[in-house]
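# Analysis of the macromolecular model
Chain by chain, the residues:
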Amino acid sequence: MIGILGGTFDPIHYGHLRTALDVQQCLSLSEVRFIPCGEPPHRNKPVAEPLQRLAMVRAAIAGEKTFVADDREIRRHGPSYMVDTLASLKKDFKSESLCLILGTDAFNGLEQWYQWQRILDLANIVVMQRPACDSKVKLNKRVLTLLKQRIVDVDTMKRSDNGKVCFVPVTQLDISATTIRQYWQENKSIHFFLPDSVLTLIQQQNIY
Ligand code: ATP
């Protein structure tokens, strides 16, 4: 099973990296593909350019053999719908099942995603909990009700090709890209929020 972590990664930080590793280990995923969004359909345009966000992802995961930077959303034109991304991954990895990794905030907005039901025809979904102090941590009851029949434990998920939802506890890291960009604007240090290789890119290319 392949894990898919989509995001703006503006910039990528330890809140993405450590939690992806937690999910990978819990579900024995063969790899995790980090897919920077080209044109986010559900939120504002990212601050950094797509290629800069891809470069930061590449820098962050360099050396972690089973973490892969996937540029398909950046290469594609138009809004980056996850359903299209999963369909294209399914073509490339015919014999593998896919598992879409979502933070609580992403999960809560799932109902608004383009053709969200088709997403579950193509993949399983694993939800990782955001830090408890985050107001977004509460799960959206409406989405939970919609998915009630699909919720399974980790072992069942491992045996399912698609259509199942499970919840995985992850390391609680109260880090967000928004905070990092804010700190940077205020000339506060962003050291230890993200890998040094990403910090170096931000400095060298004056990304923010
Ligand atoms: P921003 O602050 O700009 O909204 P972000 O830090 O939330 O960005 P995204 O690139 O939007 O980062 O997130 C990609 C995915 O990673 C989403 O599913 C999000 O819920 C999840 N995620 C981001 N930060 C964390 C964190 N600290 N812990 C767990 N999951 C996270």
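Please refer to the structure placed before this passage.
The following refers to the structure shown.

Thresholds, definitions, all that
Residues numbered from 1 in each chain as written. Predicted model: local features only at pLDDT ≥ 70, side-chain atom pairs only at ≥ 80, totals over all residues. Heavy atoms only, no water. Salt bridge = Lys/Arg side-chain N within 4 Å of Asp/Glu carboxyl O. Buried < 20%, exposed > 50% of the residue type's maximum accessible area, 1.4 Å probe, protein only. Helix = DSSP H or I, 4+ residues; strand = E, 2+ residues; numbered from the N terminus. Arc of directions from axis to C-beta. Contact = heavy atoms within 4.5 Å. Pairing = 2+ DSSP bridges. Right-handed = clockwise from strand over helix to strand, strands pointing away.

Once their charged atoms are close, side chains differing in charge can pair, the charge on each being opposite to the other. Counted under the stated rule, the structure contains ten salt bridges. For R33, the salt bridge goes to E31, with nearest N and O atoms at 2.6 Å. Each member of the pair R33 and E31 is classed as buried. D71 is the salt-bridge partner of R75, the closest N and O atoms lying 2.8 Å from each other. One connected set of salt bridges, linked through shared partners, spans E31, R33, D70, R72 and D92.

Further remarks concern helix α10 (residues 196–204). Within α10, the full set of buried residues consists of V198, L199, L201 and I202. Along the long axis of α10, the arc covered by the buried residues comes to 160°, so they all point the same way. Looking at the buried side of α10, the elements it contacts are α2 (50–61) and α9 (177–185). Note on α10: the residue one or two positions beyond its end, N206, has a positive phi of about 50°.

What follows deals with the pairing of strand β2 (residues 31–36). Most of β2 sits inside the fold, with six of its six residues counted as buried. Alternating positions in β2 separate into two faces, E31, R33 and I35 on one and V32, F34 and P36 on the other, with burial throughout. Bridge count between strand β1 (residues 2–7) and β2: six bridges; the pairing is parallel. Among the inter-strand pairings, I4 is bridged to a residue of β2, identified as R33. After leaving β2, the chain enters α2 and then returns to the sheet as strand β3 (residues 67–69), a path that is right-handed.

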